[in-house]
Amino acid sequence: AQHSGTPLSNQEYRQFFRSLRAARRASTVCLLREMYGCQNTLVQRLDKYENHGVIPEGPICSELQETRVFPDFCTFSFYRCTKKRYFIKV
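Calculation notes
Residues numbered from 1 in each chain as written. Predicted model: local features only at pLDDT ≥ 70, side-chain atom pairs only at ≥ 80, totals over all residues. Heavy atoms only, no water. UniProt positions renumbered as here; feature names shortened; annotations may be inferred. Phe/Tyr/Trp six-rings, centres within 6.5 Å; stacked < 30°, edge-to-face > 60°. Buried < 20%, exposed > 50% of the residue type's maximum accessible area, 1.4 Å probe, protein only. Helix = DSSP H or I, 4+ residues; strand = E, 2+ residues; numbered from the N terminus.

The name that an unreviewed UniProt entry assigns to the protein is Acrosin-binding protein, with the source organism given as Steatornis caripensis. Quoted verbatim from the Subcellular location (unreviewed entry) field of the UniProt record, the comment on the protein reads "Cytoplasmic vesicle, Secretory vesicle, Acrosome". The Function (unreviewed entry) field of the UniProt record for the protein holds the comment "Acrosomal protein that maintains proacrosin (pro-ACR) as an enzymatically inactive zymogen in the acrosome. Involved also in the acrosome formation."

Draft legend 1. How the structure looks around the packing of aromatic side chains. Overall, the coordinates contain three aromatic pairs when judged by the stated rule. With 5.3 Å between their ring centres and 65 degrees between their planes, Phe70 and Phe76 make a pair best called edge-to-face. The pair formed by Phe70 and Phe76 is uniform in burial state, with each residue classed as buried. Seen in terms of ring centroids, Phe73 and Phe76 are 5.8 Å apart; in terms of plane orientation they differ by 50 degrees. Their pairing is tilted. Taken together, the residues span about one helical turn, with Phe73 and Phe76 both in helix α4 (residues 73-83) at a distance of three residues. Judged by relative accessible area, Phe73 falls into the buried class, the value being 2%. Among the aromatic residues, ring-to-ring pairing joins Phe70, Phe73, Phe76 and Tyr79 into one connected group.

Quick look at the structure:
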């Protein structure tokens, strides 16, 4: 059992993006995020699903060498979208 607000496991990420049909669907979600922002209800549902029911509050730490801290989950998600690095975890 995972704790609320924690990122998905590798297996859960595979399932998450399988339902989005991998990069094509993930890029569609990124387009929605870009067009409507993080306040969009669909985007928020996906963010909550990705984090076991809770959108984490900032700051957000990442596995990235070049950028380890983001002010909030929305900024982190936008970064993943712009870099097309959908599987980066916090």
